[in-house]
Amino acid sequence: IRRVVAAVHVPVTVKFRKGFDDGHSNAVEFAKMAAAEGARAVAVHGRTRQQGYSGKADWDIIRSVKRAVGIKVIGNGDIFAARDAFDMLEHTGCDGVMVARGAQGNPFIFAQIEKLIKSGEAGRKPTDEERIKMCLLQARLAVEYKGEHAAMREMRTHAPHYTKGMRGSARLRAALVKIRTYGELEGVLLEFLRANSENKC
Ligand SMILES: Cc1cc2nc3c(=O)[nH]c(=O)nc-3n(C[C@H](O)[C@H](O)[C@H](O)COP(=O)(O)O)c2cc1C
């Protein structure tokens with residue numbers, strides 16, 4: 001950490017877990033060490049390496065880290081809705097939150113968190129059409145950023161997150177995992193949306 005801090009001209013942040021396993025939960029010591037070596041912020045996922053994704057993220061360890069260091073602390077683990085972010089900020093006193101799985105197919109969560117914190121209101125859920133349009137926007141941005149081939153391979157994983165829970169999404173998934181071009185993705189998703197809205201009438 002010290003060497004990176006000396007070598008770059010941008011703020012260095014460090015992300016780590018609660019610890020290696022239950023017997024070695026060293027996030028507090030690790031955070032203190034990172035701060036002493038020049039890290040400007042730390043992000044803490046409240047699970048051990050051994051836990052993987054099992055169990056619940058321990059938000060108490062995030063609170064302990066926040067109390068132990070003077071640098072910014074970003075809490076991470078199990079934020080799947082705006083309310084969770086609000087609760088984590090309250091529970092831990094952390095300065096910011098990091099969202100991973102809860103943002104997959106759901107980038108709306110960031111605006112929802114901001115709205116809840118600023119106005120106390122949760123805001124409405126996006127419609128199926130809004131979710132699919134957002135998926136296509138992500139796909140176009142990915143094409144711009146990394147080319148159609150790589151972008152579509154990634155969208156095979158991302159697109160099903162957007163359509164999860166929609167009527168007929170299990171069947172749709174079979175088509176989504178095979179898409180090769182943006183045109184195919186758009187065709188499959190818009191046809192799905194059209195069929196679903198006709199079924200509703
Ligand atoms: C698709 C995906 C990719 C991830 N990539 C990284 C990574 O490159 N580096 C990292 O430290 N954590 C990575 N993580 C872990 C997350 O940053 C986070 O610590 C973990 O998922 C717990 O947060 P969550 O409950 O919001 O998912 C990744 C998680 C997901 C779902």
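As the structure is a computational prediction, the values presented were derived from the model and not from experiment. (Residues numbered from 1 in each chain as written. Predicted model: local features only at pLDDT ≥ 70, side-chain atom pairs only at ≥ 80, totals over all residues. Heavy atoms only, no water.)

**As for the site of the ligand**
Argument step 1. As a structural note, the neighbourhood of the ligand is formed by K15, H45, Y53, N76, G77, D78, V99, A100, R101 and Q104.
Argument step 2. Contact distances for the ligand include 2.7 Å between an oxygen atom and a backbone N or O atom of D78.
Argument step 3. At 2.7 Å from an oxygen atom of the ligand is found a side-chain nitrogen or oxygen belonging to R101.
Argument step 4. Here the ligand has 610 Å² of accessible area as a free molecule, and 57% of this is covered by the chains.
Argument step 5. The class makeup of the residues in the shell around the ligand is 3 nonpolar, 4 polar and 3 charged. (Near = heavy atom within 4 Å. Polar contact = N/O pair within 3.5 Å; in protein donor to acceptor, adjacent residues only side chain to side chain. Areas by Shrake-Rupley, 256 points an atom, 1.4 Å probe, with all protein chains shown as cover. Nonpolar A, V, L, I, M, F, W, Y, C, P; charged D, E, K, R; others polar.)

**Thoughts on the pattern of salt bridges**
Argument step 1. Considering all chains together, one arrives at 16 salt bridges under this definition.
Argument step 2. Among the salt bridges present, the one from D87 reaches R83, with a minimum N-O distance of 3.3 Å. Within this pair, D87 and its partner R83 are both found in helix α4 (residues 82-92), separated by 4 residues, close to a single helical turn.
Argument step 3. Residue classification places R83 among the partly exposed positions, given a relative accessible area of 46%.
Argument step 4. Here R194 makes a salt bridge to E198, at a shortest N to O gap of 2.7 Å. (Salt bridge = Lys/Arg side-chain N within 4 Å of Asp/Glu carboxyl O. Helix = DSSP H or I, 4+ residues; strand = E, 2+ residues; numbered from the N terminus. Buried < 20%, exposed > 50% of the residue type's maximum accessible area, 1.4 Å probe, protein only.)

**Considering the domain arrangement of the protein**
Argument step 1. Structurally, the protein comprises domain 1 (2-119) and domain 2 (128-196).
Argument step 2. Each of domain 1 and domain 2 has a C-alpha centre, and these two points are 30 Å apart.
Argument step 3. Each partner contributes residues to the interface: domain 1 has 4 residues there, and domain 2 has 5 residues.
Argument step 4. Of the roughly 480 Å² buried where domain 1 meets domain 2, counting both sides, 72% is carbon and sulfur surface.
Argument step 5. When the buried area of domain 1 at its contact with domain 2 is split by residue, Q104, G105 and F108 rank highest and sum to 84% of it. (Domains from an automatic or database assignment. Contact = heavy atoms within 4.5 Å. Buried area = accessible area lost by both parts, 1.4 Å probe.)

**Focus on the layout of surface pockets**
Argument step 1. One number sums up the size of the largest pocket: a volume of about 520 Å³.
Argument step 2. In this structure, the largest pocket is lined by 22 residues; those nearest its centre are F80, A81, N106, Q112 and K125.
Argument step 3. Every element with two or more residues in the lining of the largest pocket is listed here: α4, α5 (108-119) and α7 (148-163).
Argument step 4. Broken down by element, the lining of the largest pocket gets its largest block of residues, 4 residues, from α5.
Argument step 5. Considered class by class, the residues forming the lining of the largest pocket number 9 nonpolar, 7 polar and 6 charged.
Argument step 6. Two domains share the lining of the largest pocket, each providing at least three of its residues, namely domain 1 (2-119) and domain 2 (128-196).
Argument step 7. Counting residues per element, the ones that place at least two in the lining of the second largest pocket are α8 (169-176) and α9 (182-200).
Argument step 8. It is α9 that contributes the most residues to the lining of the second largest pocket, 5 residues altogether.
Argument step 9. Broken down by class, the residue content of the lining of the second largest pocket amounts to 3 nonpolar, 3 polar and 3 charged. (1 Å grid on protein atoms, 1.4 Å probe; cavity = no way out; pocket = protein on both sides within 12 Å on 5 of 7 lines; lining within 4 Å. Points joined across faces, edges and corners; volume = space filled by probe spheres on them.)

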